[in-house]
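Observations on the model geometry
For reference, the chains in residue letters:
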Amino acid sequence: MTSSQIRQSFLDFFKSKDHTLVPSASLLPGSPNLLFTNAGMNQFVPIFLGQRAPDLCRWPGVVPRQ
């Protein structure tokens, strides 16, 4: 199994559990700290800090849960 197939299998599993798939983001999202780096949560820092609300319809590649 290739790394791409493993990644897709992982994404498919969580999509089947009604999770929302969000595209990958840069490791440096314009945040002065990287507290969320190890958790892979960089793209969500502004949302967690209350600086903006999530706007899934504007994120390219997002697959909303149904």
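Residues numbered from 1 in each chain as written. Predicted model: local features only at pLDDT ≥ 70, side-chain atom pairs only at ≥ 80, totals over all residues. Heavy atoms only, no water.

**Regarding helix 1 (residues 3-16)**
In this model, helix 1 (14 residues) spans 20 Å end to end at C-alpha, consistent with the 20 Å of a helix rising 1.5 Å per residue. Looking one or two places after helix 1, you find D18, whose phi comes out positive at around 70°. (Helix = DSSP H or I, 4+ residues; strand = E, 2+ residues; numbered from the N terminus. Expected span 1.5 Å × (residues − 1).)

**Details of the packing of aromatic side chains**
What the rule picks out here adds up to two aromatic pairs. Ring centres 5.0 Å apart and planes at 90° place the aromatic pair F13 and F14 in the edge-to-face group. A connected cluster of aromatic rings, assembled from ring pairs, spans F10, F13 and F14. (Phe/Tyr/Trp six-rings, centres within 6.5 Å; stacked < 30°, edge-to-face > 60°.)

**A word on the environment of I47**
In this fold, I47 is placed in helix 2 (residues 45-48). The exposure class of I47 is buried, given its relative accessible area of 18%. For I47, the contacting residues outside a window of four places in its chain are R52, A53, P54 and W59. (Buried < 20%, exposed > 50% of the residue type's maximum accessible area, 1.4 Å probe, protein only. Contact = heavy atoms within 4.5 Å.)

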